[in-house]
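# Observations on the model geometry
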Amino acid sequence: MFKRIATALVLIPLVLLGIFKLDQQNFAIVAAALCLIGAWEWGQLCKLDKIVHRICYAATYLLPFYGVWFFKDNNAFIYALLIIALLFWFCAFVWMYLYSRLSQKIDLSNMAKLAIGYIVITPMWLALFLVQSESAGMVLWLFLMVWGADTGAYFVGRKFGKKKLAEKLSPKKTMEGVYGGMATSAVVAIAGIFVLKLEVNTMPYWIVLAALVVVFSIAGDLFESMLKRLRGIKDSGSIFPGHGGVLDRVDSLTSAAPLFLLGMLIINSIKN
């Protein structure tokens, strides 16, 4: 617990500095560096045991990252990538449901999971730097909603948790924890609407989006838990003492960030 708190006390100021002080390009570079570490860890989830193989796999992400950066101002490209990501997460919901309900393990080939890594990591990276460039406060709001869901679920589940959410996916997660996480995120979401001074006529849309973000953040967390169980490991990495790897910290954002950006773009188009 001490390591977890100490690491958080170091990471939180760095995250805030990055969000509010870096311009779009530098924020994208820092986020890309973390995503490359996440890609390295993803390779481990897909049984790339040799270091050189994981390095080569992570390096291949530079190509889609370059393509995304090149087309970052193309609305059609952005919408297409976000919709592809969203469709994948609907498939991931089905995969997790079958895995949790059926007696045998529902798994894909390692090659298929390596390919899925691009769909999981690349849209998240795009979403993070585009939201940050639109509004630093907006990306912090996204982070706080996701962290609120995770923190609320942890403490409420630890204190009151009895009914398991999906024992085969993540044995420690409970329905009570989910309710606690949703309540915490609801407070953050409502506070964010007023702090960011969002237009009154768009509030219902933001509330719906915030609710979906929380649901998807839980799905992202559960999805990585499933992959780790299929691989037989506890953490994706060890770069953050007490917290595990990069993927362990951003698993919820892999699903929540693309959805948030897509919702933000749609709401802004309605507003305009």
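For the structure, see preceding data.
Residues numbered from 1 in each chain as written. Predicted model: local features only at pLDDT ≥ 70, side-chain atom pairs only at ≥ 80, totals over all residues. Heavy atoms only, no water.

### Quick notes on the layout of surface pockets
Approximately 420 Å³ is the volume attributed to the second largest pocket. What lines the second largest pocket is a set of 16 residues, and nearest its centre among them are Ser-100, Leu-165, Ala-166, Leu-169 and Leu-222. Secondary structure elements with two or more residues in the lining of the second largest pocket: helix 5 (75-101), helix 8 (175-195) and helix 9 (203-231). Among the residues making up the lining of the second largest pocket, the classes are represented as twelve nonpolar, one polar and three charged. (1 Å grid on protein atoms, 1.4 Å probe; cavity = no way out; pocket = protein on both sides within 12 Å on 5 of 7 lines; lining within 4 Å. Points joined across faces, edges and corners; volume = space filled by probe spheres on them. Helix = DSSP H or I, 4+ residues; strand = E, 2+ residues; numbered from the N terminus. Nonpolar A, V, L, I, M, F, W, Y, C, P; charged D, E, K, R; others polar.)

### Examining the nonpolar core
If you look at the biggest cluster of nonpolar residues, it comprises 76 residues, and the most contacted ones within it are Trp-42, Trp-141, Trp-206, Phe-223 and Phe-260. Setting aside anything within four residues of it in sequence, one finds Phe-223 in contact with Trp-42, Phe-88, Trp-89, Ala-92, Trp-95, Met-96 and Val-120. (Core = buried A, V, L, I, M, F, W, Y, C linked by side-chain atoms within 4.5 Å. Buried < 20%, exposed > 50% of the residue type's maximum accessible area, 1.4 Å probe, protein only. Contact = heavy atoms within 4.5 Å.)

### A word on helix 4 (residues 62-70)
Within the span of helix 4, buried status applies to Phe-65, Gly-67 and Val-68. Along the axis of helix 4, the buried residues cluster in a sector spanning 160 degrees; they form a single face. Exposed residues lying more than 90 degrees from the buried face of helix 4 are Leu-63, Tyr-66 and Phe-70. Residues of helix 4 that are buried make contact with helix 2 (24-45), helix 5 and helix 6 (110-134). (Arc of directions from axis to C-beta.)

### With respect to the environment of Met-264
Examined against the element boundaries, Met-264 turns out to sit in helix 10 (residues 246-271). Judged by its relative accessible area of 3%, Met-264 is buried. Note: C-alpha distance between Met-264 and Leu-222 (42 residues apart in sequence) is 24 Å. Excluding residues that lie within four positions of it along the chain, Met-264 makes contacts with Val-131, Glu-134, Met-138, Trp-206 and Leu-209.

### Here we look at the environment of Leu-247
Inspection of the secondary structure puts Leu-247 in helix 10. For the pair Leu-247 and Ala-39, spaced 208 residues apart in sequence, the C-alpha separation works out to 8.5 Å. Those residues in contact with Leu-247, other than ones at most four positions away along the chain, are Gly-38, Glu-41, Trp-42, Leu-45, Glu-224 and Ser-236.

### Section: a nonpolar patch on the surface
A cluster of nonpolar side chains, Val-94, Tyr-97, Leu-98 and Leu-102, forms an exposed patch at the surface whose accessible area comes to about 350 Å². Position of Val-94 relative to the elements: it lies in helix 5. (Patch = residues over 30% accessible without salt bridge, like charges linked within 9 Å, V, L, I, M, F, W, Y side chains within 5 Å. Areas by Shrake-Rupley, 256 points an atom, 1.4 Å probe, with all protein chains shown as cover. Salt bridge = Lys/Arg side-chain N within 4 Å of Asp/Glu carboxyl O.)

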